[in-house]
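Overview (structure and organization)
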Amino acid sequence: ALFERAKQAAEGSNLAWASSSSSSSLITSSRSKRNAAAGSSSGASTHLVGQLDSESLGLDAKRKWGQAEALSREASKQVLSEAHVVCATCAGAGDPMLAEMHFNVVVIDEATQATEPATLVPLTQGAQCAVMAGDPCQLPPTIVSRQAYTFKLDKTLFDRLQQEVGLAPLLLDTQYRMNPAISKFPSRHFYDGKLQDGVLAELKPAAAGVTWPVKDHPVIVVALRGLEEKAQKSGEKAQKGRSGGAAASSADVTAEVGLEDASYRNLPEARVALQALYALMKAG
């Protein structure tokens, strides 16, 4: 009901603003026709009346808009006060509307991709219990400032608690997304062989449209010596490039991740990816 009242107030505000610009011209126009023979004095008076009417409508529009914003804030607070769970980004948890609210339990998803300052924002809302979910073997936080690296802002709170405090993470060791033939590699090389499969291979069959090197193993490693290009600024045409295999290319990129205005692309690799995608789609 409060949101509906806010909507009505906002609509009244918009109507008043639309009327204010036209009322002056209408009043001035109609009265100038009647008083054309009265001289410049009468015309000036008519213009003044129209201007006053326009200012009055403008003030009324501002008043109604203020009412709409106040009603919207009141409605939002009412919804939040009755909510058992509030979802927000880490930065959004610092919204002034949440300033007076306390959350005993805070759950942070993808905590290994959030910088430590960002993670601290929701934890300042009175958290007595914090659960951070994330995978340190996957993508790190996105850092675009060299200076941030000097302050070690690339290290997440998740990592700090594990490495410096000694808090052992709980491994969710069962995966349901991949064919077991795919999960063997990450399990062996990143998770010490602890990753288990919760799905049978026959439920994740190899896709049609591709000639798989090993039957029933939907994995292909393509060694492509493409030209890697680096653009200094977004949208700027890449000028220099390096050729090399996938492993060398990946290592070079990793070394540069996070630097300002660094952007990489490899057009030959992109073409191969599109060709593979087209083959899969064509096969249905």
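In what follows, the structure referred to is the one given above.
My aim in this report is to walk through the structure given alongside it, one point at a time. (Residues numbered from 1 in each chain as written. Predicted model: local features only at pLDDT ≥ 70, side-chain atom pairs only at ≥ 80, totals over all residues. Heavy atoms only, no water.)

1. Describing the nonpolar core
Of all hydrophobic cores here, the largest spans 5 residues; its members are C90, V106, I108, A111 and F158. In this structure C90 touches I108, A118, T119, V121 and P122, once residues within four positions along its chain are discounted. (Core = buried A, V, L, I, M, F, W, Y, C linked by side-chain atoms within 4.5 Å. Buried < 20%, exposed > 50% of the residue type's maximum accessible area, 1.4 Å probe, protein only. Contact = heavy atoms within 4.5 Å.)

2. Let's talk about a nonpolar patch on the surface
A surface patch of nonpolar side chains, about 260 Å² in accessible area, is lined by V105, V107 and V131. Looking at the secondary structure, you find V105 in strand β1 (residues 105-108). (Patch = residues over 30% accessible without salt bridge, like charges linked within 9 Å, V, L, I, M, F, W, Y side chains within 5 Å. Areas by Shrake-Rupley, 256 points an atom, 1.4 Å probe, with all protein chains shown as cover. Salt bridge = Lys/Arg side-chain N within 4 Å of Asp/Glu carboxyl O. Helix = DSSP H or I, 4+ residues; strand = E, 2+ residues; numbered from the N terminus.)

3. Comments concerning the packing of aromatic side chains
Under the defined criterion, the tally for this structure stands at 1 aromatic pair. Ring centres of F185 and F190 lie 6.2 Å apart, and the angle between their planes is 80°; on these two criteria the pair is classed as edge-to-face. (Phe/Tyr/Trp six-rings, centres within 6.5 Å; stacked < 30°, edge-to-face > 60°.)

4. Observations concerning the pairing of β1
Side-chain alternation along β1 places V106 and I108 on a buried face and V105 and V107 on a face that remains uncovered. Of the strand pairs in this sheet, β1 and strand β2 (residues 129-132) are connected by 4 bridges, and their pairing is parallel. Looking at the pairing, V105 lines up with C129 of β2. On the question of chirality, the crossover connecting β1 to the parallel β2 by way of helix α3 (residues 116-123) is right-handed. (Pairing = 2+ DSSP bridges. Right-handed = clockwise from strand over helix to strand, strands pointing away.)

5. Some thoughts on α3
The complete set of buried residues in α3 reads E116, T119 and P122. Each buried residue of α3 lies within a common arc of 120° when the element is viewed along its axis, so the set occupies one face. In this fold, the buried residues of α3 make contact with β1, β2 and α5 (157-163). (Arc of directions from axis to C-beta.)

6. Some remarks on the pattern of salt bridges
Under the definition given, this model contains 4 salt bridges. Linking R160 and E116 is a salt bridge whose minimum nitrogen-to-oxygen distance equals 2.9 Å. Here R160, found in helix α5, pairs with E116, found in helix α3; they are 44 residues apart in sequence, far enough to count as distant. Residue R160 is classed as partly exposed on the basis of its relative accessible area, which comes to 23%. The buried category is assigned to E116, whose relative accessible area is 16%. Ionic pairing is found between R160 and E164, a salt bridge with its closest N-O pair at 3.3 Å. What you see here is one network of salt bridges that share partners, running through E116, K155, R160 and E164.

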